[in-house]
Amino acid sequence: MILELRGIKKSFRNGMKYQSILEDLDIKIYEGDSIAIKGKSGCGKSTLLHILAGLITSDAGEILFKGMNLSQLSEEDQANYRRKNVGYITQNFHLLDDRNVYDNIALPLQYLEFNKIQIKEKVEKVSHDLEIEHIIKRDITTLSGGERQRVAIARAIIKEPAILLADEPTGSLDDKTEESIMEIFKNLNEKGMTLAIVTHDNSVSSYCKQVYELKNKKLYSVIY
């Protein structure tokens, strides 16, 4: 097992009161698995993904990565966990407009203090795998939505993370581009990468081995 949540609770302040988002939530994610998390807008899907990524903490419960309780780690150790083990793709990609494609993809390796030769080799390989070699020197502002998505995927997987998390990864793409992006995720999973994808789209969730629905603050397995 790669990630496990036990009894997770999370609430946010709403005016003078606290609004509960997640309540006694459990999930087990196994190595090499691919899961989709569905649910209505505002039900807490992105919050759950942030907790899985270690970006925010839960109010209660345990988050275990390969048996290690992340809740007990210092902030520095939690940052190291994210840096080394988690690839994360946000809804809007969050690429850096002041850097070109190459520099955006290379960023995680710079944080991990890879040398320039190692970075060049890895950027060239991942850009070849994702068929974006021809745009490697272009500015981010000149890219199409599908090109931006491929760059975001390249940046997320270049460090070969233990788990790849994606928040509505095809929400702004046309059907043809969506299909090509999901084939990329499928191929990554077939090569052994663990995936967790938040989506409202049935065509996206159909690519995953496990589908869950987040409702009433808990996760329920969906069987088709």
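Residues numbered from 1 in each chain as written. Predicted model: local features only at pLDDT ≥ 70, side-chain atom pairs only at ≥ 80, totals over all residues. Heavy atoms only, no water.

## A few points about the pattern of salt bridges
We apply this condition: Definition used for salt bridges: Asp or Glu carboxyl oxygen within 4 Å of a side-chain nitrogen of Lys or Arg. Put simply, DSSP H or I for four residues or longer makes a helix, DSSP E for two residues or longer makes a strand, and each gets a number counted from the N terminus. Only protein chains enter the accessibility calculation, which uses a 1.4 Å probe; a residue is then buried when its area is under 20% of its type maximum, exposed when over 50%, and partly exposed in between.
Within the structure shown, the criterion is met by nine salt bridges. The shortest N-O distance in the salt bridge between Glu-23 and Lys-9 comes to 3.8 Å. You can see Glu-23 sitting in strand β2 (residues 17-29) and its partner Lys-9 sitting in strand β1 (residues 3-14), a full 14 residues away along the chain. Glu-23 gets classed as partly exposed once you look at its relative accessible area, which sits at 27%. Two residues, Asp-129 and Lys-125, come together in a salt bridge whose shortest N-O distance is 2.9 Å. Of the two residues, Asp-129 and Lys-125 are both situated in helix α4 (residues 116-129); the distance of four residues between them amounts to about one turn of the helix. Classification of Lys-125 by relative accessible area gives exposed; the value is 54%. Connected through salt bridges with shared partners, the residues Glu-4, Arg-6 and Glu-62 form a single ionic network.

## Examining the pairing of β1
Threshold: For two strands to count as paired, DSSP must find a minimum of two bridges between them.
Relative to β2, β1 is paired through nine bridges, and the arrangement is antiparallel. Bridge pairing links Asn-14 to Lys-17 in β2. The loop that links β1 with its antiparallel partner β2 comprises two residues; one of these, Gly-15, has a positive phi angle of about 70 degrees. With five bridges connecting them, β1 and strand β4 (residues 60-65) associate as antiparallel partners. Among the inter-strand pairings, Leu-3 is bridged to a residue of β4, identified as Phe-65.

## Some points on the environment of Leu-25
Put simply, the rule reads: Two residues form a contact once any of their heavy atoms are found within 4.5 Å.
Structurally, Leu-25 is set in strand β2. In sequence terms Leu-25 and Tyr-81 are 56 residues apart; their C-alpha atoms lie 22 Å from each other. Once residues lying within four places of it in the same chain are set aside, the contact partners of Leu-25 are Leu-5, Arg-6, Gly-7, Ile-8, Leu-48, Leu-214, Lys-217, Lys-218 and Leu-219.

## Some remarks on the environment of Leu-112
Mapping Leu-112 onto the fold places it in the loop between α3 (101-111) and α4. Residue Leu-112 is classed as partly exposed on the basis of its relative accessible area of 24%. Put simply, Leu-112 and Lys-159 are 47 residues apart on the chain and 8.7 Å apart in space, counted from C-alpha to C-alpha. The contacts of Leu-112, once residues within four sequence positions are left out, are Arg-83, Lys-84 and Lys-159.

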